[in-house]
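# Notes for the structure review
As a plain string of letters, each chain reads:
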Amino acid sequence: MQNDKIAIWENDPDQKTRMHETSIDEALFRLMVEAAPIAIVTVNGSGDIVYTNEKLEDLFGYDHGELIGHKLEVLVPESSREVHRHHHARYMEQPFVRSMGTGLDLRGVRKDGFEFPIEAGLSFVCVDGEMMVMSSVTDMTRRKHIEEILEQRVEERTQEIEQRRRIADSMRDILARLNANYSLHDMLEYIVAQTGELLSAAAGAVFLSDENKVYYDVVVSRGLSAEYLARIKIPLNGESVLHQAIAQRYPAFVSDLRSGSLGNDQFATERRHYLLTNGYHALIAVPLEAGGESYGGLMLYYREAKNFVPDELDLAMTFGNQTALAIQSALLRTQIEKSAVTAERNRIARDLHDSVSQTLFSASMIADVLPRLWERNRTEGVRRMDELRQLTRGALAEMRTLLLELRPATLVEVELDELLKQLTEATAGRARIPIALEIEGDCDFPVDIRIAFYRIAQEALNNVAKHADADQASVQLLCEADRASLTIADDGIGFSLEETAGNHLGIVIMRERADSIGADLKISAQKGAGATISVIWQR
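This part takes up the overall build of the chain. For the chain, the helix and strand inventory stands at 16 helices and 16 strands. Within the chain, contacts between residues at least 6 apart in sequence are counted, and of these 59% link residues at least 24 apart. Surface accessibility of the chain: about 29,500 Å² in total, with carbon and sulfur atoms responsible for 50%.

Below is the structure:
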């Protein structure tokens, strides 16, 4: 339409006057409506249809001219007519509130009653001096359908992203638990619960081969009754869904237990009967394999029969791999713990041989010759008795020290002065030299301070016994309210600090101990002049 023929009222008090001044001839307007490329309907102030074109009549299923004289409401469903009346009345009273091209999302109704979405653009026109409302109507069915498809795809994509996020979170949590050294049972329980939730399974269980390698036993389950767990048996050598999964190294499944088989072993019929009786109609078997070792399978049970899609099988396999990794990790951890126990036993055996057994052997030799020595030379006999006493006390102290190593928690319970007393007596018996111990003040310091001081003294005295070739040594512990100092000294052959400090493991260990509690470690040593090690800690 030409701008000089159709006027739109805006916020201008002179709009109505200009509207009538630009009134269009009825015949011309009718030609324009009929020639319009879109569906057009025009109503008067009373809401009666006065003009339509062929496109509108085809859109709503009416014959030519059939709508003229009817209310515009005939083109909208009953549920929308009240809204339509409200808008029409408001536009007629205040046409300047809206401008041409205003779009309203409505629903239209065909002559046969079929409803469909439409969009109506409203404008105002004066024809032969009469103000009318002209509507352009567009069928929105296709666009709405496209919008619905897009919304569905967005929703599906959102659900897919959320599912991937949940899977990633689950994988992260499983790895965190693996690194946190959870027990195997706790790990498997968590994995079964996560797998069941993400794969919408009603129940799940982990089957591992028993010690006798005869059956796959349930070690962890979720959602299965105690009755089933007590009676279920899957022979290690047989044919079942689990065996199929293990053989193909990928999940196997039964979509409907009412028609599918669980295998041909002697317990397969009983397993199938129980599952159906308890409302399970489908299952997945996932192989558990890691490092070329097969451990068993993860089973997931479903209430309804279903067709499993590749994405579900791949996800189940991912959790199967995590389960196998947890099993492998637990087995390796057990092996490491056993190796550590064996290594510790060997170390204690060496210590017993190097210290206690040698000390007791020396004491036994002195005890054998002491009666005869006592008769010939009592002075030498007294000296040997004193040596025997030192040896036995040293052996006893060494045994106590080894017991402390066997029970590290005891280090927390025993006071530092008692620990140092046992340590000096044990070293004196082993090195066969006198070691003076001096303790001043109340040494009730935090546990980490006491243990660090003890370990530094232990390392220093070990060096005295093994390397110093000393005639005597001393240990001094001075404790104050906010300060403690420990000094270990000997009169042995000493060493060059420049040549030794960089590669001597004992010195490195002592420095690390001191650094761990924020203490200062000082080492004073010269060849031929002994060595002194001191550690000072302040609050």
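Before going further, it helps to spend a moment on the sheet that holds strand β12 (residues 435–440). Across the sheet, five strands lie side by side as β12-β13-β14-β16-β15; this open sheet has mixed pairing. With one partner strand each, in any of the chains shown, β12 and β15 (520–525) form the two edges of the open sheet. With direction set aside, neighbouring strand axes in the sheet form an average angle of 10°. Bridge count between strand β14 (residues 483–490) and strand β16 (residues 531–538): eight bridges; the pairing is antiparallel. The partner of A484 across the bridge, within β16, is W537. Strands β12, β13 (473–479) and β14 of the sheet are contacted by helix α13 (residues 416–431), whose axis makes an angle of about 170° with β12. Of the strands in this sheet, β12, β13, β14, β15 and β16 are in contact with helix α14 (residues 447–468), which crosses β14 at around 5°.

This paragraph deals with the pattern of salt bridges. Evaluation of the coordinates by the stated rule reveals 11 salt bridges. Between K71 and D48 there is a salt bridge, and its shortest N-O distance comes to 3.0 Å. Taken together, the positions of K71 in the loop between α3 (54–60) and α4 (78–93) and D48 in the loop between β1 (39–43) and β2 (49–52) put the pair 23 residues apart, joining distant regions of the chain. Judged by relative accessible area, which is 40%, K71 ranks as partly exposed. A salt bridge links E289 to R249, with the nearest nitrogen and oxygen atoms 2.7 Å apart. Within this pair, whereas E289 is found in strand β10 (residues 282–290), its partner R249 is found in the loop between α8 (241–248) and β9 (252–254), the two being separated by 40 residues in sequence. If you follow the salt bridges from partner to partner, you end up with E119, R143 and E147 in one network.

For the rest of this paragraph, the subject is helix α9 (residues 268–277). An α-helix turns once per 3.6 residues; consequently, residues spaced three or four apart project the same way. Every buried residue belonging to α9 is among A268, R271, Y274 and L275, and all of these are buried. Along the long axis of α9, the arc covered by the buried residues comes to 135°, so they all point the same way. Residues T269, H273 and T277 are exposed on α9 and point more than 90 degrees away from its buried face. Buried-residue contacts for α9 involve α7 (226–231), β8 (234–235), β10 and β11 (293–302). Among the residues trailing α9, G279 stands out with phi positive, at a value near 85°.

Two elements in contact, α13 and α14, have axes separated by 10 Å at closest approach and are oriented at 10°. Considering their axes alone, α13 and α14 lie roughly parallel with respect to each other. Along its contact with α13, which presents L416, L419, L420, L423, T424, T427, R430 and A431, the element α14 presents R450, F453, Y454, A457, Q458, L461, N462 and A465. Taken together, the residues of the contact of α13 with α14 break down into 10 nonpolar, four polar and two charged.

The next subject is the pairing of β12. Bridge count for β12 against β13 is six bridges, and the pairing is parallel. Its bridge partner being in β13, L437 is matched across the sheet by V475. Assessed by its sense of winding, the connection that carries the chain from β12 through α14 to β13 is left-handed.

Time to look at the state of the cysteines. As enumerated under the stated definition, the model contains one disulfide in all. A sulfur-sulfur separation of 1.8 Å characterises the disulfide bridge that pairs C443 with C479. Here the S-S torsion is close to 100°, and the disulfide linking C443 with C479 is therefore right-handed. In this pair, C443 is assigned in the loop between β12 and α14 and C479 in strand β13, connecting sequence segments 36 residues apart.

Below, the discussion takes up the environment of K71. Sequence separation between K71 and N44 is 27 residues; the distance between their C-alpha atoms is 9.7 Å. Filtering out sequence-adjacent residues up to four positions away, K71 remains in contact with S46, G47, D48 and I49.

Moving on, we come to the nonpolar core. F453, L477, L486, L521, V535 and W537 are the most contacted members of the largest nonpolar core, which totals 38 residues. Those elements that provide at least two residues to this core are α13, α14, β13, β14, α16 (505–516), β15 and β16. Residue contributions to this core peak at 10 residues, all from α14. Ignoring anything within four residues of it in the chain, the contact list for L521 reads I456, M510, R511, A514, I533, S534 and V535.

Following the sequence through the fold, L184 ends up in helix α6 (residues 184–198). Residue classification places L184 among the partly exposed residues on the basis of a relative accessible area of 26%. Placed 35 residues apart in sequence, L184 and V219 show a C-alpha to C-alpha distance of 10.0 Å.

A separate point is the side chain of T52. Relative to the assigned elements, T52 resides in strand β2. On the basis of relative accessibility, which here comes to 9%, the residue T52 falls in the buried class. Of the polar contacts made by the side chain of T52, one reaches the side chain of E57; its length is 2.9 Å. Not counting chain neighbours up to four residues away, the residues in contact with T52 comprise V33, I40, V41, E57, L67 and I68.

A separate point is the pairing of β16. In the sheet, β15 pairs with β16 via six bridges, with the strands oriented antiparallel. Counted as the bridge partner of S524 is T532 from β16. Here β15 folds back onto β16, and the loop between the two strands holds five residues, one of which, G528, carries a positive phi near 80°.

The next thing to look at is the sheet that holds β10. Taken in spatial order, the six strands of this open sheet run β8-β7-β6-β11-β10-β9, and their pairing is antiparallel. Edge positions in the sheet fall to β8 and β9, since each of these pairs with one other strand and no more. Of the pairings in the sheet, the one linking strand β7 (residues 215–222) to β8 comprises two bridges and is antiparallel in character. Looking at the pairing, Y216 lines up with I234 of β8. Those strands touched by α6 are β6 (203–209), β7 and β11, and its axis lies near 70° from that of β7. The sheet contacts of α8 involve β6, β7, β8, β9, β10 and β11, and relative to β10 the element is tilted by about 40°.

Rules of the game
Residues numbered from 1 in each chain as written. Predicted model: local features only at pLDDT ≥ 70, side-chain atom pairs only at ≥ 80, totals over all residues. Heavy atoms only, no water. Helix = DSSP H or I, 4+ residues; strand = E, 2+ residues; numbered from the N terminus. Contact = heavy atoms within 4.5 Å. Areas by Shrake-Rupley, 256 points an atom, 1.4 Å probe, with all protein chains shown as cover. Pairing = 2+ DSSP bridges. Axes fitted to C-alpha atoms, helices over the stretch in contact; angles between N-to-C directions. Salt bridge = Lys/Arg side-chain N within 4 Å of Asp/Glu carboxyl O. Buried < 20%, exposed > 50% of the residue type's maximum accessible area, 1.4 Å probe, protein only. Arc of directions from axis to C-beta. Parallel < 35°, antiparallel > 145°, perpendicular 65-115°, else oblique. Nonpolar A, V, L, I, M, F, W, Y, C, P; charged D, E, K, R; others polar. Right-handed = clockwise from strand over helix to strand, strands pointing away. Disulfide = S-S within 2.5 Å. Core = buried A, V, L, I, M, F, W, Y, C linked by side-chain atoms within 4.5 Å. Polar contact = N/O pair within 3.5 Å; in protein donor to acceptor, adjacent residues only side chain to side chain.

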